[in-house]
Amino acid sequence: MNNPGTDLRLDWFQNVRINTPAVERRAATLPARRSLKKDHQAAWLLNAVRCIDLTTLAGDDTPDRVARLCAKARQPIGADLLQAMGVSGLTTGAVCVYPTMVAPAKRALGNSGIPVASVATGFPAGLMPLDLRLAEIRYAVDQGADEIDIVITRAHVLRGNWTALYDELRAMREACGAARMKAILATGDLKSLENVARASHVAMQAGSDWIKTSTGKEGVNATLPVSLVMVRTIRDFHARTGIKVGFKPAGGLRTARDAINWQVLMAEELGRDWLTPNLFRIGASSLLGDIERQISHHVTGRYAASHRQALA
Amino acid sequence: MTRVSEIMQTMEYGPSVEDSTAVRDWLSRRGRFGHFINGSFTKPGQTFETRDPSTGEVLAHVSQGTEADVKAAVRAARRAQKGWAALSGTERARHLYALARHVQKRERFLSVLETLDNGKPIREARDIDVPLVARHFYHHAGWAELRDTRFPGLAPLGVCGQIIPWNFPLLMLAWKIAPALAAGNTVVLKPAEYTPLTALAFAEICQEVGLPKGVVNIVTGDGATGAALVKADVDKIAFTGSTEVGRGIAQALAGTGRRLTLELGGKSPFVVMEDADLDAAIEGVVDSIWFNQGQVCCAGSRILVAEAVAERFETLLRARMARLRVGAPLDKSTDIGAIVDPVQKDRILSICRAATEAGAELVGGQSQDGCFIAPGYLKNIAPANPGAEQEIFGPIATFSTFRTADEAVELANNTRYGLAASIWSESATVATDLAARIKAGVVWINSANIFDAAAPFGGYRESGYGREGGAAGMLEYLAEPPVRPARDAATTVPVATPERATTAGQGIDRTAKLYIGGAQKRPDGGAMYAVPGGLAPLGGRKDIRNAVEAATKAGKWAAMGGHGRAQVLYFLAENLAARADEFAGRTSPSEVEAAIARIFHYAAWADKFDGTNVQAKAGHLVNVLPEPYGVIGMTCPNAQPLTGFLSLVLPAIAMGNAVVAIPSQTDPLPVADLYQVFDTSDLPAGVVNIVTGARSELAPVLAAHDEVAAFWHAGPPQERAAIDRAATGNLKPVFSIQNRDWTGPQAQGEDFLRHATRCKTIWMPYGALPAGSGSAAY
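Just so it is clear, the structure is predicted and the values come from calculations on it, not from any experiment.

**Re the overall build of chain B**
From N to C terminus, chain B includes 28 helices and 34 strands. Taking 2.2 N^0.38 as the reference for a compact globule, 778 residues should give roughly 28 Å; the C-alpha atoms of chain B span a radius of gyration of 28 Å, in line with that estimate. By its C-alpha atoms, chain B is 110 × 60 × 55 Å across when sized along the principal axes. Looking at the 778 residues of chain B, the share that counts as buried comes to 62%. Summarising the internal contacts of chain B: among those between residues at least 6 apart in sequence, 76% fall at separations of at least 24. Computing the positive centroid from 76 side-chain charges and the negative centroid from 81, chain B places the two 4 Å apart.

**Side note on the domain arrangement of chain B**
Residue and element names in this part refer to chain B. Per the domain assignment, the segments making up chain B are domain 1 (21-264 + 474-479), domain 2 (269-454) and domain 3 (514-758). Each of domain 1 and domain 2 has a C-alpha centre, and these two points are 30 Å apart. At the interface, 27 residues of domain 1 touch 30 residues of domain 2. For the pair domain 1 and domain 2, the summed buried area comes to about 2400 Å², and 63% of that belongs to carbon and sulfur atoms. On the domain 1 side of the interface with domain 2, the three residues burying the most area are Pro121, Trp166 and Tyr194, jointly 21% of the side's total. Where domain 1 packs against domain 2, one counts 1 salt bridge. The partner of Arg135 in a salt bridge is Asp452, with the nearest N and O atoms 2.7 Å apart. At the boundary of domain 1 and domain 2, one finds 8 residue pairs in polar contact (both at pLDDT 80 or more). Elements supplying a minimum of two residues to the side of domain 1 that touches domain 2: α5 (107-118) and α6 (122-150).

**Quick notes on the packing of aromatic side chains**
Describing an aromatic ring pair means giving the distance of the ring centres and the angle of the ring planes. A complete count under the given rule lists 27 aromatic pairs over all chains for this structure. Through pairs of rings, three or more aromatic residues link up here, namely Trp175(B), Trp444(B), Phe451(B) and Phe457(B). For Arg34(A), the ring lying beneath its charged end belongs to Tyr13(B), and the centroid distance is 5.6 Å. One residue, Lys182(A), lies across the ring of Trp210(A), its end atom 5.0 Å from the ring centre.

**Quick notes on helix α12 (residues 307-322) of chain B**
Residues and elements named next belong to chain B. The end-to-end C-alpha distance of α12 is 23 Å, a good match for the 22 Å that 16 residues give at a rise of 1.5 Å each. Within α12, the axis deviates most sharply at Phe313, by approximately 25°. Along α12, the residues that are buried comprise Val309, Ala310, Phe313, Glu314, Leu316, Leu317, Arg320 and Met321.

**Observations concerning unusual backbone geometry**
Note that the residue after Phe123(A), namely Pro124(A), is joined by a cis bond; omega there is 0°. By the element assignment, Pro124(A) lies in the loop between β3 (116-120) and α6 (130-143). Of note, Asn292(B) is a non-glycine position whose phi angle comes to about 55°, a positive value. With respect to the helices and strands, the residue Asn292(B) is situated in the loop between α11 (278-288) and β13 (302-306). Residue classification places Asn292(B) among the buried positions, given a relative accessible area of 0%. The phi dihedral of Leu731(B) is positive, around 55°, even though this residue is not glycine. The topology assignment puts Leu731(B) in the loop between α27 (720-727) and β33 (734-736).

**So, helix α8 (residues 162-176) of chain A**
All names here are of chain A. Given a rise of 1.5 Å per residue, 15 residues ought to cover 21 Å, and the 21 Å separating the end C-alpha atoms of α8 matches this to within 8%. Structurally, α8 contributes buried residues whose contacts are with α6, β4 (147-151), α7 (154-158), β5 (180-184) and α10 (193-205). Immediately beyond the C-terminal end of α8, within one or two residues, lies Gly177, with a positive phi of roughly 60°.

**With respect to the interface of chain B and chain A**
In many reports, interface size means the accessible area that the parts give up when they come together. Taken together, the contacts link 46 residues of chain B with 44 residues of chain A. Across the chain B to chain A interface the summed buried area is about 4000 Å²; carbon plus sulfur atoms make up 51%. Sorting the residues of chain B by area buried against chain A places Met8(B), Met11(B) and Tyr13(B) first, and these three jointly supply 20% of that buried surface. Linking chain B with chain A are 10 salt bridges. We note a salt bridge from Arg33(A) to Asp335(B), for which the minimum N-O separation is 2.8 Å. Remark: the boundary between chain B and chain A carries 21 residue pairs in polar contact (both at pLDDT 80 or more). For the side of chain B that touches chain A, the secondary structure elements donating two or more residues are α1 (3-10), α6, α11 and α12 of chain B.

**Remarks on the packing of helix α2 (residues 21-30) of chain B against α5(B)**
Residue and element names in this part refer to chain B. Here α2 crosses α5 at 75°, and the two axes come no closer than 9 Å. Classed by the angle they form, the pair α2 and α5 counts as roughly perpendicular. Every residue of α5 that contacts α2 at Ala22, Val23, Arg24, Trp26 and Leu27 is listed here: Phe109, Val112, Leu113 and Leu116. Of the residues contributing to the contact of α2 with α5, the split by class is 8 nonpolar, no polar and 1 charged.

Rules used throughout
- Each chain has its residues counted from 1, following the order in which its sequence is written.
- Each chain is given a letter, starting from A, and each ligand a number, starting from 1, according to the order in which they appear as written.
- Reporting of local features is limited, given that this is a predicted model, to residues whose pLDDT is at least 70; pairs of side-chain atoms are given and counted only at 80 or more, and all residues count toward the totals for whole chains, interfaces and linings.
- Values reported for side chains reflect all heavy atoms of the structure, with hydrogen atoms and water molecules removed beforehand.
- Counting from the N terminus, the helices are the DSSP runs of H or I reaching at least four residues and the strands are the DSSP runs of E reaching at least two.
- It is over C-alpha atoms that the radius of gyration is taken, and the globule rule equals 2.2 Å times the number of residues to the power 0.38.
- Between buried and exposed lies partly exposed: a residue is buried under 20% and exposed over 50% of the maximum accessible area for its type, with that area taken using a 1.4 Å probe on protein chains only.
- Residues count as neighbours in contact if any of their non-hydrogen atoms are within 4.5 Å of one another.
- Note that His is not counted, nor are the chain ends; the positive residues are Lys and Arg, and the negative ones are Asp and Glu.
- Every charge is mapped to an atom, namely NZ of Lys, CZ of Arg, CG of Asp or CD of Glu.
- Here the limits of each domain have been adopted from an automatic or database domain assignment.
- Simply put, the buried area is the total loss of 1.4 Å probe accessible area from both parts when two parts are fitted together.
- Basic side-chain nitrogens of Lys or Arg form a salt bridge, by our definition, when they fall within 4 Å of a carboxyl oxygen of Asp or Glu.
- Residues adjacent in sequence count toward polar contacts only when both atoms are side-chain atoms; beyond that, a polar contact is any pair of N or O atoms within 3.5 Å, and within protein one must be able to donate a hydrogen and the other to accept it.
- By convention, a stacked pair of Phe, Tyr or Trp rings (six-membered ring in the case of Trp) has centres within 6.5 Å and planes under 30 degrees apart, an edge-to-face pair has planes over 60 apart, and any other such pair is tilted.
- Only lysine NZ and arginine CZ atoms are considered, and such an atom sits over a ring when it is within 6 Å of the ring centre and within 35 degrees of the ring normal.
- In this analysis, the expected span of each helix is defined as 1.5 Å times one less than the number of residues it contains.
- To get the bend at any residue, fit one axis to the seven residues that end at it and another to the seven that begin at it, then take the angle between the two axes.
- All axes are obtained by fitting lines to C-alpha atoms, using only the stretch in contact for helices, and the reported angles, taken between N-to-C directions, cover 0 to 180 degrees.
- Note that the term roughly parallel is reserved for angles under 35 degrees, roughly antiparallel for angles over 145, roughly perpendicular for angles of 65 to 115, and oblique for everything else.
- All amino acids are sorted into three groups, where Ala, Val, Leu, Ile, Met, Phe, Trp, Tyr, Cys and Pro are nonpolar, Asp, Glu, Lys and Arg are charged, and the leftover types, Gly among them, are polar.

Below, the structure written as structure tokens:
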């Protein structure tokens, strides 16, 4: 179900106070407060796989390269390993590509049910005329994209122009039609955590289905502190409206340990519901390989070599 | 469904229990422990059991220290002390460094042992206690090295008796032993009976690193062993524990002249202003009252929230509380472990019962099987409710609201205690104002329960006196250079019906009075007594009461700032100099000259006795500020009545205190003549109050007064015991001052200023931008 959004409600966020050292402290201690071992660790890692938006966003992407990525999305973990754990039907949450790669991805994914997410709106900087950005969304949707990862105009945040940000996001939401929208805030560009919180609120009010940290192209991408601030705004939005908005950290998660830490963050700050692909996605490309190695070790008792795992 | 796919449905954490095999092997190898005396373990005597509170399982048998054991340990410490003190700073530093390193090498072992013995979550033992232990020894290795550079002329005290509590067993050991050893003392330490094991493991580390025999001695046992240590021939007692026991120790030591530092209980305010980051403050609560099962003396146990945000704060608090995991301490996902002992659990539950019977509502806080209590808080709680007044020492906070910053301060200070405070506001203006006004030894702005070896820790009021950590902590283990003693004039019993008047033939009759609140007052009893030069008022209990009341109203004096006070003092010198001849007639020209010089000395200091910014943790602004006590009571020597009086009163008022002084009993008129000098020097009313009369009667009344925050005794030593005992009522520190030449250089200086102030350590984490964004803080 899509987030219908609300009117622009400045009063929900204009008095937001964020103490950065306290956020850092919570983010630093949170992973140390929870520990997962053995089967529980394996299950949480497989859950992370379920939530991955397996991503390729490179200038040299080709249809064949995208097809290989899609094959990995369909079988993210070696069949023998899954069989040993008695797990079946595991896929990633989605694949995420540029608009021109949506059609090849759709073809490659066939009837697997795995959604295709497309970045749009002049990704990653977003500094294109609004009509072109909206046209890009419509193009991606036409190509069959199920989800659109849009980027916001950072200048609206930096200049405190919340109405402009809201209007832009509303227009994008409309252009998405039935496709679900992820709003990339590019938190590395917004710098202050209060900016991150305010932009998160506006994005949710404008109808984003997920709020997403980064394009993967900023100087700093997803971090636990930034994520903590964003998920707390999701909590507050839910408390006010009853609407559950999802969260997508992107660009900073590389290790199995990261995958556990972010899930602990979701569980502790938002609860069990936010551990499903419907409300939690991880934008990543190399993360899956590390998870697969850990799973392999869990099943076989041997440490794994990446060349023995299928390439994404 | 398989197990993994099942977990993928529930997404539960599952057990993650730290391995305790190595610790259990050690315990079964050691079995029964003796004491650690003179470098080796004694044969176990009569033993008691120490248990894992989470399961009730007996972990080990530990010896009950007898008086003879304590004596043997003190003897060993005494024998070792001279040699230890004779080592160079670098040599002592190497030993302390080795202790730090060996604690680190045994990090896992010590964490697990602490968790087993105490019941605290392994995460806390591993991530907080043990790293701080190592940090403490590192830091004090540095102090050993720098002792003579930073504290020239100061000497170790000798043998220190140290008694520590069960809530942070190894950390409190480190807080006690590290500074003592760095300064050149040797120690006899008694760990708490519930939690003796990490101290015994530490004894093995002392052997391992080759610490000289007798430098560290550890005697285990219960309160009786502690009492034997208090009675023993030691030069100092350092105690951390309950206010009740601390008061008993202060009483036992009354009149002995032994040094004493007390780190006692608390009921610390946790103030959330309207402009706070509420989520940050919620985590602050978790780190305060839900840290170590709430068994933390400095826990922010009284949550005070601005009415404007109280509802939202409570909603967030409940939600956060619901996610805390109570359970097996060794499980790495446990937030709240076991209460240390069933006795303590019963105590917590009984206070909660009393609180709810008195009308408070308990949210959460259910008793669970075994030594477990769920986190909770008491709401709708009146200030006089037993749950609001008593230290619960469990995972139960109180929750109440305030309307304004002033009311927050008033509520925060409405307690006998003064250990710590936590203040949450995104306004630096508001937060620093509250930090200044709340009476507590440690103030955490936008943070809670952070500790560091460089940041002094200790209390105001009935939370005790003395500091641990940093330079202030080192001073507690060092002695000032000896002063050249002088004989004071004997005190005679004042006679209320004078036999002969000596004022005849001196012009118009003058009547000396008391000086209270800037006005000359007749004594309440209406009697005078004969003194050189005439008659002096014979003050009584009620005059003391009135004088203290006047002193409490002199609050603006502290707020004038150092420069403002210096101006008044210089003016005082000017006006005294103008009447030098007259005062010389009362005393002597040289004493008047010395008095004027003394005033200049403290006028100079008034704006220069600075606090420091200490190097605690990166990203934290940590300021240590000397604050005045408020009202200091004092007795002055008989001889040299003018300089004796001024040498005591001036350092106290220069630092912003108000004073109630009992001047020379036998020769008070030189001081009585000062009243007019005070008046003409713009000294605000109530800053100096003077009650003349029988010192032995007045001093205990003044020393017992609950508004008086510190006491200086420069009278005869035989009067000290009564004063010390009287001072234990509100646990004011007594500065006992040997008589000396009050016109000489040994009657002034920083030692007096230190006793006129107490440190407040204010922590403020800073950093506008998150990590990786180029902020200076990270």
